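These are the residues of each chain, in order.
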Amino acid sequence: MSGHTQEEIRHHVSIYLRVFGALLILTVLTVGVSYLHLPLHAAIAVALIIATVKASLVAAFFMHLAGEKKIILAVLLLAAFFFVFLLTYPSLHAL
Amino acid sequence: MESLIKHISKPHPVTGVTNAKLGTWCFLASEIMLFGALFSSYVLLRVGAGTAWPRGSDILNVPLATLNTLVLITSSVTMVMACASLALKNLGKYRLYMGATILLAFVFLVVKSFEYGHKFEHHHFPSTSTFYAIYFTLTGLHGLHVIGGIVVNTYLLFPGSALWKKDPDQFMGRVEAAGLYWHFVDLVWIFLFPVLYLL
């Protein structure tokens, strides 16, 4: 964040506050949906979609991944690949 | 004196980022694998158990966990505000926001210990069932990460902040690295909360 002008930093702060609002709303939403007692598969889908949106907001804006350098994204892509591979490998094996 | 480790504050010409930042992200990638392994275990155990698996909302305290989710999200916001305050060269505000971040982390742990205490009172231990085994493992490991964050952030609030006068860029790099870690801890909880408590 060093090397940014005061103007830019104030703009960042206003983005942080909007992301904060979105995260609060999504938290209330995911808890609210859980009280609807949806069928399990629908409940899992809704909860994971909301969690993924929340996590993306945190990663993109708080961790500044939006507009981050390629090498950082490459490191994360590698971790994501191994995570998904190891998660799905046992079920592939069972087929 | 020239520092022994190069490119701490200035981006490395090849990668375009500071070595400190690249190192922090490599560490976080390894953390993804650590929590990822346990998360995969959870998925496999749950799929294997079929309908015998309990719904978290039936046996865990959803309101307390919701409160903790809000506490941790707020602490992530105070952390980015601490970084922004440093970028605006306002050390006083930095201390305020960093102090709030640490305070919120303690609130999270106190709420969590109430939850644990309640479970132990009712003789629910990791050995009670597969659900409690993975519940205590995941939340326990996450709790240890919160404690680690408190240690680092407290260092950066008090003794570590002496670096601000000597080398503000390097100090800001340290706070940003601690921030990345802290947001990661928040991010893990964002997934743990619905998976363990709501489903």
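What you see is a predicted model, and the numbers here were worked out from it, not measured in a lab.

Parameters at a glance
- Residues numbered from 1 in each chain as written.
- Chains lettered and ligands numbered in written order.
- Predicted model: local features only at pLDDT ≥ 70, side-chain atom pairs only at ≥ 80, totals over all residues.
- Helix = DSSP H or I, 4+ residues; strand = E, 2+ residues; numbered from the N terminus.
- Buried ≥ 20, exposed ≤ 12 C-beta atoms within 10 Å, placed from the backbone.
- Contact = placed C-beta atoms within 7 Å.
- Rg over C-alpha atoms; globule rule 2.2 N^0.38 Å.
- Core = buried A, V, L, I, M, F, W, Y, C linked by C-beta atoms within 7 Å.
- Expected span 1.5 Å × (residues − 1).
- Axes fitted to C-alpha atoms, helices over the stretch in contact; angles between N-to-C directions.
- Parallel < 35°, antiparallel > 145°, perpendicular 65-115°, else oblique.
- Left-handed = near helix turned anticlockwise from the far one by under 90°.

Q: What is the right way to look at the overall build of chain B in this model?
A: Per the secondary structure count, chain B includes seven helices and zero strands. Counting only C-alpha atoms, chain B reaches 65 × 35 × 20 Å along its principal axes. Counting the 199 residues in chain B, one finds 36% classified as buried. Here the contacts in chain B between residues at least 6 apart in sequence split such that 74% fall between residues at least 24 apart.

Q: Can you walk me through the overall build of chain A in this structure?
A: Looking only at helices and strands, chain A features three helices and zero strands. Secondary structure of chain A in N-to-C order comes out as α-α-α. The C-alpha radius of gyration computed for chain A amounts to 18 Å, which surpasses the reference 12 Å derived for 95 residues by more than 25%, pointing to a less compact arrangement than a globule. Along the three orthogonal principal directions, the C-alpha set of chain A runs to about 55 × 35 × 10 Å. Within the span of chain A, comprising 95 residues, buried residues form 18% of the whole.

Q: Just to check I follow, could you spell out the interface of chain A and chain B for this structure?
A: How big an interface is tends to be stated in terms of accessible area lost as the parts join. Contacts between the two partners involve 37 residues from chain A and, on the opposite side, 39 residues from chain B. Taken together, the elements giving at least two residues each to the side of chain A that touches chain B come down to helix H1 (6-34), helix H2 (40-62) and helix H3 (70-94) of chain A. Among the elements that take part in the side of chain A that touches chain B, H1(A) stands out by supplying twelve residues, more than any other.

Q: How should the nonpolar core be read in this particular structure?
A: One recurring pattern in soluble globular proteins: nonpolar side chains tend to sit buried together. Judged by nonpolar contacts, the single largest core of 62 residues is most densely connected at B:Val80, B:Ala82, B:Cys83 and B:Val175. Going through the elements one at a time, H1 and H2 of chain A together with helix H1 (19-49), helix H3 (62-87), helix H4 (91-121), helix H5 (130-157) and helix H7 (168-198) of chain B are the ones with two or more residues in this core. Not counting the four nearest positions on each side in its chain, B:Val175 is found in contact with B:Ala82, B:Cys83, B:Leu86 and B:Leu156.

Q: Just checking my understanding: could you explain the environment of B:Phe171 for this structure?
A: All names here are of chain B. Within the fold, Phe 171 resides in helix H7. Overall, the presence of 21 C-beta atoms within 10 Å leaves Phe 171 in the buried class. Placed 160 residues apart in sequence, Phe 171 and Pro 11 show a C-alpha to C-alpha distance of 15 Å. In contact with Phe 171, not counting residues within four places along its chain, are Leu 163 and Trp 164.

Q: What should I look at first to understand H3(B) in this one?
A: Along an α-helix, residues three or four positions apart point the same way, because every turn accommodates 3.6 residues. All names here are of chain B. With 26 residues, H3 should cover 38 Å at 1.5 Å per step; its first-to-last C-alpha distance of 38 Å lies within 8% of that length. Counting buried positions along H3 yields 19 of 26 residues, so the element is predominantly enclosed. Positive phi appears at Lys 89, one or two residues downstream of H3, with a value of about 60°.

Q: Sorry, what's going on with the packing of H5(B) against H7(B) here?
A: Angle between the axes and distance between the axes are the two parameters that describe a pair of packed helices. All names here are of chain B. Following both chains from N to C, one finds H5 and H7 inclined at 160°, their axes separated by 10 Å at the closest point. Looking at the two axes, H5 sits roughly antiparallel to H7. In terms of crossing hand, the pair formed by H5 and H7 is left-handed. Facing Tyr 135, Leu 138, Thr 139, His 142, His 145, Val 146, Gly 149, Val 152, Asn 153 and Leu 156 of H5, the residues of H7 in contact are Arg 174, Val 175, Ala 178, Tyr 181, Trp 182, Val 185, Val 188, Trp 189, Leu 192 and Leu 196.

Q: Quick question: what am I supposed to make of unusual backbone geometry here?
A: Excluding glycine, residues mostly have negative phi values, and the peptide bonds linking residues are mostly trans. Residues and elements named next belong to chain B. Of note in the backbone geometry, His 7 takes a positive phi value of approximately 55° without being a glycine. Structurally, the position occupied by His 7 is in the segment before H1. Accessibility expressed as a C-beta count within 10 Å gives 17 for His 7, which makes it partly exposed. The phi dihedral of His 123 is positive, around 55°, even though this residue is not glycine.

Q: I tried to follow the environment of B:Val107 on my own but got confused; where do I start?
A: All names here are of chain B. Among the secondary structure elements, Val 107 is positioned in helix H4. Looking at Val 107, the number of C-beta atoms within 10 Å reads 16, which means it is partly exposed. In sequence terms Val 107 and Leu 67 are 40 residues apart; their C-alpha atoms lie 9.9 Å from each other.

Q: In this structure, what is going on with the packing of H3(B) against H4(B)? I would like to understand it.
A: Residue and element names in this part refer to chain B. Where H3 meets H4, the closest approach of the two axes is 8 Å, and the angle between their N-to-C directions is 165°. Here H3 lies roughly antiparallel to H4, going by the angle between them. H4 is crossed by H3, and the crossing has left-handed handedness.

These results come straight from atomic positions and should not be treated as a statement about function.
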